[in-house]
Amino acid sequence: MARLAGKAAVITGGNSGIGLETAKAFIREGARVIIFGRDRATLDKAVEELGEGAISVQGDVINEQDLERLFETAKEQFGGLDILFVNAGIAPAQPIETITEEFFDRIFDINVKGAFFTVQRALPLLRQGASVIFTTSIASTLGMPGMSAYSASKAAVRSLTRTLAAELVERGIRVNAISPGPIETPIHERSDLPSEVVEEIGQTIIQQVPAGRFGSAQEIAEPVVFLASDESSYMLGAELIIDGGMGQI
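Below you will find a few notes about this structure. (Residues numbered from 1 in each chain as written. Predicted model: local features only at pLDDT ≥ 70, side-chain atom pairs only at ≥ 80, totals over all residues. Heavy atoms only, no water.)

### Concerning the side chain of Ser-131
Now for step 1: By the secondary structure assignment, Ser-131 is in strand β5 (residues 126–135).
Now for step 2: Residue classification places Ser-131 among the buried residues on the basis of a relative accessible area of 1%.
Now for step 3: From its side chain, Ser-131 meets the backbone oxygen of Leu-227 in a polar contact 2.8 Å long.
Now for step 4: When sequence neighbours within four positions are dropped, the list of residues in contact with Ser-131 reads Asp-82, Ile-83, Leu-84, Arg-174, Leu-227 and Ala-228. (Helix = DSSP H or I, 4+ residues; strand = E, 2+ residues; numbered from the N terminus. Buried < 20%, exposed > 50% of the residue type's maximum accessible area, 1.4 Å probe, protein only. Polar contact = N/O pair within 3.5 Å; in protein donor to acceptor, adjacent residues only side chain to side chain. Contact = heavy atoms within 4.5 Å.)

Here it is, written out as structure tokens:
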């Protein structure tokens, strides 16, 4: 039997990378899915790829009206929600000397404030037994030069995972996190850095990964399915680390 049969899910940042691969996995396991993202073109392409069982809502997690519209759509389409994958985020790199207040605020607005208010706006729809899953990062525990603002934002999301798990458990809502290591996703292609610099950074990172490679989005999607399913019913406030051993060995 499909592990997510009859369940309804929302995925923020669902139009590419980990979010899109997770949407595919959710649908294969029997769920209906709304994907949420900023870019209309990639949303349309994603829905075409996903086929029946998926719809899209365009918007930004830092826009209150967009979040309201997202969850109004979820209410109209599903009546309630069983799964919320809080995945939208950005990962720009800058050395501390060049970080501006605008750069810092943008990262925290999307990665932390956006994640927090996504959950808050979803609460009235989350059913008994619902699963909320945050995307954190191994950057929150590793000292990675050039990633100070991003790493701090993901450490904040890890804290949210614990505190919201404690706060929502009495309502029958489970909160956990998935913590990816280096993953091949379009988020790296959207970097402001020159392509040759991105390639050089990538090679440096691979040398630090015991598995000797970047992971794939599919290798994150399947653990997210586990966190979304009843198979993880005894997990609360936990963080599944999928990093090719980078932060473990």
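### Description of the sheet that holds β5
Now for step 1: Ordered in space as β3-β2-β1-β4-β5-β6-β7, the 7 strands form an open sheet in which the pairing is parallel. The open sheet terminates on both sides in strands that have one partner only, identified here as β3 (54–58) and β7 (239–242). For this sheet the average axis-to-axis angle between neighbouring strands, irrespective of direction, equals 20°.
Now for step 2: Pairing between strand β1 (residues 8–12) and strand β2 (residues 32–37): 5 bridges, direction parallel. Bridging across to β2, Val-10 finds its partner in Ile-34.
Now for step 3: Sitting on the sheet, helix α4 (residues 101–122) is in contact with β1, β4 (81–86) and β5, with an inclination near 170° to β4. (Pairing = 2+ DSSP bridges. Axes fitted to C-alpha atoms, helices over the stretch in contact; angles between N-to-C directions.)

### A few points about the nonpolar core
Now for step 1: If you look at the biggest cluster of nonpolar residues, it comprises 38 residues, and the most contacted ones within it are Phe-71, Leu-81, Leu-84, Leu-126, Val-132 and Phe-134.
Now for step 2: Sorting the residues of this core by element identifies β1, β2, α3 (64–78), β4, α4, β5, α5 (148–168) and β6 (174–180) as the ones contributing at least two each.
Now for step 3: When residues of this core are assigned to their parent elements, the largest contribution, 7 residues, is made by α4.
Now for step 4: Sequence-distant contacts of Leu-81, that is, excluding residues within four places in its chain, are made with Ala-8, Ala-9, Val-10, Phe-71, Ala-74, Leu-125, Leu-126, Arg-127 and Ala-130.
Now for step 5: The next biggest cluster of nonpolar side chains, apart from the first, holds 29 residues, and it includes Leu-50, Ala-217, Val-224 and Leu-227. (Core = buried A, V, L, I, M, F, W, Y, C linked by side-chain atoms within 4.5 Å.)

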